[in-house]
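Topology and contacts: notes
One-letter residues, chain by chain:
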Amino acid sequence: MAFVERINSKNVQGITAEPVRIDKVVQGEASGYAVIIDRISQDVPFYRAFLKNAALCGTAVINNPFWWSADEKFFNNCLATRIGVPVPKTVLLPSRDLPADTNDQSFSNLAFPLDWEGIFKYIGFPAYMKPFAGGGWKHVYKLRSMEEFFQKHSETGQLVMLLQEEIIFEEYYRCYCIGGKYVRIMPYEPRNPHHLRYVSNFDPSSDRIQLMEQIVVRINQYLGYDFNTVELAVRNGIPYAIDFCNPAPDAEKASVGEDNFNWVVEAAANYAIERALAHRDGTDNLTWGEYLKRSTAKQQLA
């Protein structure tokens, strides 16, 4: 509601904001909104389908629901390696249990056992294991040995997991990126309790701030996210992108603090107004990232 109120307080001619109201969803019929900011469809498939229909009929949905449906953390890491963004060493792991409606023959292409020795040598310990397409710090494990890995992996069921190198960092930052251009660098301490994670004494130089801003913008412009956060861990002066698939990032005043909250509300309001003013009826108004634009045009990725 702070976002809605901020837009309406600006009194921009022809622009008003309200919570989306859905009373029916008919194929090929417009939503009635020029811009929708989505912070819930990751949990409600009905809303995701509604947003795709709205986008097809011309609504600028923030974030692009087609890309969000296709995106996941492992692909993002793969893309980062191709566009010159430092990321931790990462490997993809098949689920410990067979997915529903499959059997051993479904995995005839998969070596058994995997090259665990090669995987562990590449990643090293300690390491982190997390879902390849998850969020909210769910099912995240810090592992200190091969034995601990196998113990914890046996508990992950049908989840597809990542195994990732631990970055021992001197500084850590969480960065809002809105519109692929507005960046807020926030010192962040993930080792603190949740309500104290934005309380830290990191004091980056102007050069480091500039470098982090460049990394954050590059990631989001290639992915095509209008609203995202990027987490950066600084090791030996190098910012590593740790987690940068957060298209519905935490923006609660109680956790991010009043200054960060006010910034994100103001930036999101200004960007939504930009998109509404640039809206073109009857055409695609989504943001498509450089990865898709260059790939479909058969251009070099970077």
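Attention here is on the structure that accompanies the text. On a predicted model such as this, the values are computed, not experimentally measured, just so you know.

A separate point is the environment of D97. Looking at the secondary structure, you find D97 in the loop between β3 (90–93) and α5 (116–123). Among residues more than four places away in sequence, those in contact with D97 are G157 and Q158.

The next subject is the pattern of salt bridges. A complete count under the given rule lists 13 salt bridges for this structure. For K142, the salt bridge is made with E166, and the minimal N-O distance between the two is 3.1 Å. On the criterion of sequence distance, the pair formed by K142 in strand β5 (residues 141–143) and E166 in the loop between β6 (161–165) and β7 (171–178) is long-range, its members being 24 residues apart. Three or more residues joined by partner-sharing salt bridges are found here, namely R6, K10 and E266.

Below, the discussion takes up unusual backbone geometry. I62 connects to N63 through a cis peptide bond whose omega is 10°. Along the chain, N63 turns up in the loop between β2 (60–62) and α3 (65–70). Of note in the backbone geometry, H139 takes a positive phi value of approximately 55° without being a glycine. With respect to the helices and strands, H139 occurs in the loop between β4 (127–131) and β5. Residue H139 is classed as partly exposed on the basis of its relative accessible area, which comes to 44%. The residue N236 is not glycine, and still its phi comes out positive at about 50°.

A sheet is described by the order of its strands in space; here four strands give the open sequence β3-β6-β4-β5, paired in antiparallel fashion. Sheet topology places β3 and β5 at the edges, where each strand pairs with a single neighbour. Across the sheet, the mean angle from the axis of one strand to that of its neighbour is 25°, orientation sign disregarded. Relative to β6, β3 runs antiparallel, the two being bridged by four bridges. Each bridged residue has a counterpart across the sheet, and for L92 the counterpart in β6 is L162. On top of the sheet, helix α4 (residues 73–82) reaches β3, β4 and β6; it is set at about 145° to β3, its chief contact. Here helix α6 (residues 146–153) sits on the sheet and contacts β3, β4, β5 and β6; the angle it forms with β5, its principal contact strand, is near 155°.

Looking now at the sheet that holds β7. On the basis of which strands lie adjacent, the open sheet formed by four strands has the order β8-β7-β9-β10 and antiparallel pairing. Every interior strand has two partners, whereas the edge strands, β8 (182–187) and β10 (238–243), have only one. Going from strand to strand, the sheet's axes swing by 30° on average, the running direction of each strand aside. Pairing analysis gives six bridges linking β7 to β8, with the strands arranged antiparallel. Among the inter-strand pairings, C175 is bridged to a residue of β8, identified as I185.

Our next topic: the pairing of β7. The buried fraction of β7 is high, at eight of eight residues. Burial along β7 is two-sided: the residues E171, Y173, C175 and C177 and Y172, R174, Y176 and I178 are all buried. Here β7 folds back onto β8 in antiparallel fashion, the turn holding three residues, of which G179 has a positive phi close to 70°.

What counts and what doesn't
Residues take numbers from 1 onward in each chain, read along the sequence in its written order. Residue-level local features of this predicted model are given only where pLDDT is at least 70; pairs of side-chain atoms are given and counted only at 80 or more, and the full residue set underlies all totals for whole chains, interfaces and linings. The side-chain values count all of the structure's non-hydrogen atoms but skip hydrogen atoms and water molecules. A helix here means a DSSP run of H or I that spans at least four residues, while a strand means a run of E at least two residues long, and both kinds are numbered starting from the N terminus. Two residues qualify as a contact provided that any one of their heavy atoms is within 4.5 Å of a heavy atom in the partner residue. A pairing counts as a salt bridge when a side-chain nitrogen of Lys or Arg comes within 4 Å of a carboxyl oxygen of Asp or Glu. Three labels apply to residues, based on accessible area from a 1.4 Å probe with only protein chains included: buried if under 20% of the type maximum, exposed if over 50%, partly exposed otherwise in between. Two strands are counted as paired when DSSP detects at least two bridges linking them. Note on method: axes are straight lines fitted to C-alpha atoms, helices fitted across the in-contact stretch only, with angles between N-to-C directions ranging 0 to 180 degrees.

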